[in-house]
Amino acid sequence: MFENLSARLTRTTEKLRGRGRITEDNIAEALREVRVALLEADVALPVIKSFIEAVKAKALGAEVSASLSPGQAFIGILHREMVELMGGARAGFSLRAQPPIVVLLAGLQGAGKTTTAAKLARWLIEREKKRVLLTSTDISRPAAILQLERLAGEVGAQFFRAPPAQSPAEIARAALDEARRGVFDILIVDTAGRLHVDEALMAEVRQIDALVSASERLFVVDAMAGQDAINAARAFGATLDLTGIVLTKADGDARGGAALSVRQVTGKPIVFMGVGEKTDALEPFDPERMASRILGMGDVVSLVEQVQREVTSDEATRIAQKVARGKGFDLADLKGQLEQVQKLGGMSSLLDKLPAAAGRRAVSADQGDREVRRQIAIINSMTQRERRQPGVIDGSRRRRIAGGAGVQVQDVNRLLKQFQDMQRMMKSMKGGHLRRLMGAFKGRLP
Amino acid sequence: MFGSESKSERTEAPGGFLKRLRARLNRGNSWLTLDIAELVRGRAIDADILDELETRLLAADVGVEATQHILESLRQRVARRELADVDALIAALRATLTEILAPCARPLVIDPTHRPFVILVVGVNGSGKTTSIGKLAKRLTREGKSVMLAAGDTFRSAAVEQLEVWAMASGAAFAAQQAGADPGAVVFDALQSARARGIDVLMADTAGRLHNQSHLMAELKKVRRVLKRVDQSAPHEVLLVLDANQGQNALAQAVQFHEAIGVTGLVLTKLDGTAKGGIVIAIARKLGFPIRFIGIGEQAEDFEPFDAQAFVAALIESGPKTGAAS
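Predicted model, so just to flag it, every value in this text is computed and none were measured.

## What about the overall build of chain B?
Helix and strand counts for chain B come out as 13 helices and eight strands. Across the 326 residues in chain B, those meeting the buried criterion constitute 60%. Summarising the internal contacts of chain B: among those between residues at least 6 apart in sequence, 78% fall at separations of at least 24. Here chain B has roughly 12300 Å² of accessible surface; of this, 50% comes from carbon and sulfur atoms.

Structure (structure tokens):
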């Protein structure tokens, strides 16, 4: 969509080459590019201003090493600074307080509090082996309480359902009593979405907090949020003594500048990131990756993780073995691989996650997606036998397949040629470094 | 939650909605509000003032490209000495913004030749689809139309029940299947049933989905295909619901939802906070989608057709304090 920051900076910092040092003069244009990139990433204006000041202070006088391009050196400074700003003392939770530890979630409407409550519960149950009680004080949105009750059942947490007509504060108080009685380790209190300018509702969430003396007060914020995120964060921070931030919907393609803004104005660490619709899609926040993403440098790590999430591990192991043996990889397997690409959001989504250099290719992502679809269609038009033994596909079969898939015979030829090349490559790599690579990869699969 | 009688009376008062809109849009220490005229009154137009306008547009999520475009035209007019003073500058800004938005202020017209008139409601997670459907249902039933809501969000827990509460509150008929059902099947059955019962408007809810998840976008395409199987002309309206709190990504949402199923109108929600929803200006420039409704509160009545003049006026005029506009 937007020209990548790395590409732009490489261009604008080109004239730094040979200058030796970064000076106020030769960096001005680069800083303007940074400002635009951060605006496009939804970093709030005041935060951009202070960030640029900080970067300038660090960059001025820095030696532009001869071996690196000045652009890369400058990006290095940007990245380090941003990681530093977003890094926190911790990621995840402090679980050392006296149980029941109370976790309070607050934020604007639609930020993802209820989903986050369920994800946190699952995380604490599965990773920390805690007994978790969930409750919802959201009496305003229809069926919000029922939503969390169902999610609690899904993730194996207990749910406290208050008698009808109780106020949010009463529900929270009763839930805490229940957590004590039932010797729960953790009580997670979900709250209704509220506007930070709604004084009555802000007072209400403060009252809930006082009643349950939460030890974690988390502000839940949408990764797609715009400039106003700082106003909301500031107000929630002033109302509740926040202990951390949860960034939701980070599996979208937003650059997520709100993360930096909110981190800056609250001074509180981002502890978790929601990365999908399912209740296990919660990850500890990683400032390095977020910095790369805000700066538009791609997010290879999340790509790898998405692959791990989406690709079923049995299937991957089976194919890895075939590849490692150098034989047995047939067209049915190729189809499976192509379908995985589609499942991962298609070529465009994959290319988006790659850094600039790798992302800009001769083939556009859309062409790639079309090609993937076409190849799947071709394989779909083959019989099972043809998929297992492509050798039997003669001229007449090629015409039939082309007709079935609605493509030209040349397209079928090209697919078969590519497939042969792949097989040859696999054979030549047999026992070589590919196996070691696959072995390493296998260990990381879920 | 669903508004009491006294609240619905509020909208009857002439100009009441405009006033509320302006009051709400300008809550907080927001951009281009009360202070703009005071800030610059009596000053000649200089670079600082233009910078200040730039800052305010950017802070409203208008985006770099649209902001540059708007300011460029203002700068040129300043250079040509067409704008005598700051008041003229602000009037010109208002005119520019209105010019961009006015073509998009096309209200939703329910064509009675389609029976039912099918509205498909889509958007990313948490943008306010279900609430918008509830509010629109209430509005339509108040106008005397028969409405049916179809619970096409079969993924999120209790989404069906949430919509059902709205159906009951608005007196709309309700069509749902069990959780986890195929959304295509839900809308297919709903459309057939709505047809059989002579319903005027069928609104289909869908699960929130991020526009970059192609399998979920494919699911949406299927919903549309299924609707077409019953009625070739359906859906008659595809409403994309956008949260005013969203930043630049909303443009990508608009582009990709449009690519997938063809958006015919926008709903801009949550304008009652301090977020300004300025991204609609960028969307209007790029895509020109009609903006059908805006949501400015939790009550069912806080949902009104988009009015470009009122929207811009609420953003940049001095507001109720000086009573400059009405």
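Further notes follow.
## Points about the environment of B:Ile119
Residue and element names in this part refer to chain B. Tracing the backbone shows Ile-119 in strand E1 (residues 117-122). Since its relative accessible area comes to 0%, Ile-119 is described here as buried. Expressed as a C-alpha distance, the spacing of Ile-119 and Gln-213, which sit 94 residues apart in the sequence, is 23 Å. If sequence neighbours within four positions are ignored, Ile-119 has contacts with Leu-108, Ile-110, Leu-136, Val-201, Leu-202, Met-203, Ala-204, Glu-237 and Leu-239.

## Re the confidence of the model for chain A
Residue and element names in this part refer to chain A. Of the residues in chain A, 76% have a pLDDT of 70 or more, and the chain-wide mean is 83. Per-residue pLDDT stays below 50 along residues 355-363; that stretch engages in 13 contacts with residues further than four places along the chain or on separate chains. Counting contacts from residues 431-446, a segment whose pLDDT is below 50, to residues more than four positions away or on other chains yields 13 contacts.

## Brief notes about a positive patch on the surface
A contiguous patch of positive charge, built from A:Arg370, A:Arg373, B:Lys221, B:Arg225 and B:Arg229, is present on the exposed surface. Those elements giving two or more residues to the positive patch turn out to be helix H17 (365-380) of chain A together with helix H10 (214-230) of chain B. Among the elements that line the positive patch, the one with the most residues is H10(B), at three residues.

## A few points about the packing of aromatic side chains
Across all of its chains, the model carries four aromatic pairs over all chains by this definition. Note on A:Phe219 and A:Phe236: the rings are 5.1 Å apart at their centroids and 35 degrees apart in plane angle, and the pair reads as tilted. A residue pair is termed long-range when its members are at least 10 positions apart, and A:Phe219 in strand E5 (residues 216-222) and A:Phe236 in helix H9 (residues 229-239) qualify at 17 residues. Each member of the pair A:Phe219 and A:Phe236 is classed as buried. Here the aromatic rings of B:Phe293 and B:Phe303 are separated by 4.9 Å at their centres, their planes lie at 15 degrees, and the arrangement is stacked. Of this pair, B:Phe293 sits in strand E7 (residues 291-295) while B:Phe303 sits in strand E8 (residues 303-305); the two residues are 10 residues apart in sequence, bridging distant segments of the chain. You'll find B:Phe293 and B:Phe303 in the same group, each marked buried.

## Structural notes on the side chain of A:Asp190
Residues and elements named next belong to chain A. With respect to the helices, strands and loops of the structure, Asp-190 is situated in strand E4 (residues 186-190). One buried charged residue, Asp-190, forms no salt bridge at all, with the nearest opposite charge on Arg-141 at 5.9 Å. In this structure Asp-190 touches Leu-105, Lys-113, Thr-114, Ala-117, Thr-135, Ser-136, Thr-137, Asp-138 and Leu-148, once residues within four positions along its chain are discounted.

## Some points on the sheet that holds E7(B)
Residue and element names in this part refer to chain B. The eight strands are arranged E3-E2-E4-E1-E5-E6-E7-E8 in an open sheet whose pairing can be described as mixed. Each end of this open sheet is capped by a strand with a single partner; those strands are strand E3 (173-175) and E8. Each neighbouring strand pair of the sheet contributes to a mean axis angle of 20 degrees, computed without reference to strand direction. Where helix H8 (residues 159-170) meets the sheet, its contacts fall on strand E2 (147-150) and E3, and the angle it forms with E3 comes to roughly 165 degrees.

## What about the nonpolar core?
A:Leu38, A:Phe74, A:Met82, A:Met86 and A:Ile294 are the most contacted members of the largest nonpolar core, which totals 75 residues. Built from parts of two domains, this core gets at least three residues from each of domain 1 (3-85) and domain 2 (101-297) of chain A. Grouped together as the second largest cluster of nonpolar side chains are 74 residues, B:Ile70, B:Leu83, B:Leu242 and B:Leu271 included.

## Structural notes on the interface of chain B and chain A
Taken residue by residue, the interface counts 44 residues in chain B and 39 residues in chain A. Close ionic contact of A:Arg150 with B:Glu161 constitutes a salt bridge, the shortest N to O distance being 2.6 Å. Linking chain B with chain A are 19 residue pairs in polar contact (both at pLDDT 80 or more). Among the elements of the structure, helix H4 (47-59), H8, H10 and helix H11 (249-261) of chain B are those that each provide at least two residues to the side of chain B that touches chain A. Considered class by class, the residues forming the side of chain B that touches chain A number 14 nonpolar, 20 polar and 10 charged.

## Quick look at the sheet that holds strand E7 (residues 270-274) of chain A
Residues and elements named next belong to chain A. Taking strand neighbours across the sheet as the criterion, the eight strands line up as E3-E2-E4-E1-E5-E6-E7-E8 in an open arrangement whose pairing is mixed. Unpaired on one side and paired on the other, strand E3 (158-160) and strand E8 (282-284) mark the two borders of the sheet. For this sheet, the mean inter-axis angle between neighbouring strands, taken without regard to orientation, is 25 degrees. In terms of strand pairing, strand E2 (residues 132-136) meets E3 through three bridges, oriented parallel. Looking at E3, one finds that Thr-135 is bridged to Phe-160. Contacting E5, strand E6 (244-248) and E7, helix H10 (residues 257-266) runs over the sheet at an angle of about 165 degrees to E6.

## Description of helix H8 (residues 199-212) of chain A
Residues and elements named next belong to chain A. With 14 residues, H8 extends 20 Å from end C-alpha to end C-alpha; this agrees with the ideal 20 Å at 1.5 Å per step. Of the positions making up H8, those classed as buried are Met-202, Glu-204, Val-205, Ile-208, Asp-209 and Val-212. The buried residues of H8 occupy an angular sector of 155 degrees when the element is viewed end-on, so they sit on one face. In H8, those exposed residues whose orientation departs by more than 90 degrees from the buried face are Glu-199, Ala-200 and Ala-210. Positive phi appears at Ser-213, one or two residues downstream of H8, with a value of about 30 degrees.

## Some words on empty space enclosed by the protein
One pass over the full model with this rule turns up four cavities of 30 Å³ or more. Size it by volume and the largest cavity reaches roughly 160 Å³. Along the wall of the largest cavity there are 18 residues; nearest its centre are A:Leu108, A:Val221, A:Asp222, A:Ala225 and B:Asn245. Of all elements in the fold, only E5 and H9 of chain A reach the threshold of two or more residues within the lining of the largest cavity. For the lining of the largest cavity, the leading source of residues is E5(A), giving four residues. Of the residues contributing to the lining of the largest cavity, the split by class is eight nonpolar, six polar and four charged. Roughly 110 Å³ of volume is contained in the second largest cavity. Taken together, 12 residues line the second largest cavity, and the ones lying closest to its centre are B:Glu65, B:Ala66, B:Gln248, B:Leu251 and B:Ala282. Grouping the constituent residues of the lining of the second largest cavity by class yields six nonpolar, two polar and four charged. There are two domains that each give the lining of the second largest cavity at least three residues, and those are domain 1 (7-104) and domain 2 (117-306) of chain B.

## So, the pattern of salt bridges
Following the criterion strictly, the structure yields 32 salt bridges over all chains and no others. In this structure, a network of salt bridges that share partners links the residues A:Glu371, A:Arg374, A:Asp411 and A:Arg414.

## Topic: the environment of B:Glu72
Within the element layout of this structure, B:Glu72 appears in helix H5 (residues 64-79). For the pair B:Glu72 and B:Leu101, spaced 29 residues apart in sequence, the C-alpha separation works out to 18 Å.

## Re the confidence of the model for chain B
Residues and elements named next belong to chain B. Per-residue pLDDT for chain B averages 85, and the proportion of residues at 70 or more is 83%. A low-confidence stretch, residues 1-15 (pLDDT under 50), is modelled with 29 contacts involving residues beyond four sequence positions or located in other chains. Counting contacts from residues 26-34, a segment whose pLDDT is below 50, to residues more than four positions away or on other chains yields 28 contacts.

Criteria and thresholds
- Residues numbered from 1 in each chain as written.
- Chains lettered and ligands numbered in written order.
- Predicted model: local features only at pLDDT ≥ 70, side-chain atom pairs only at ≥ 80, totals over all residues.
- Heavy atoms only, no water.
- Helix = DSSP H or I, 4+ residues; strand = E, 2+ residues; numbered from the N terminus.
- Buried < 20%, exposed > 50% of the residue type's maximum accessible area, 1.4 Å probe, protein only.
- Contact = heavy atoms within 4.5 Å.
- Areas by Shrake-Rupley, 256 points an atom, 1.4 Å probe, with all protein chains shown as cover.
- pLDDT = per-residue confidence, 0-100.
- Patch = residues over 30% accessible without salt bridge, like charges linked within 9 Å, V, L, I, M, F, W, Y side chains within 5 Å.
- Salt bridge = Lys/Arg side-chain N within 4 Å of Asp/Glu carboxyl O.
- Lys, Arg positive; Asp, Glu negative; His and termini not counted.
- Charge placed at Lys NZ, Arg CZ, Asp CG, Glu CD.
- Phe/Tyr/Trp six-rings, centres within 6.5 Å; stacked < 30°, edge-to-face > 60°.
- Pairing = 2+ DSSP bridges.
- Axes fitted to C-alpha atoms, helices over the stretch in contact; angles between N-to-C directions.
- Core = buried A, V, L, I, M, F, W, Y, C linked by side-chain atoms within 4.5 Å.
- Domains from an automatic or database assignment.
- Polar contact = N/O pair within 3.5 Å; in protein donor to acceptor, adjacent residues only side chain to side chain.
- Nonpolar A, V, L, I, M, F, W, Y, C, P; charged D, E, K, R; others polar.
- Expected span 1.5 Å × (residues − 1).
- Arc of directions from axis to C-beta.
- 1 Å grid on protein atoms, 1.4 Å probe; cavity = no way out; pocket = protein on both sides within 12 Å on 5 of 7 lines; lining within 4 Å.
- Points joined across faces, edges and corners; volume = space filled by probe spheres on them.

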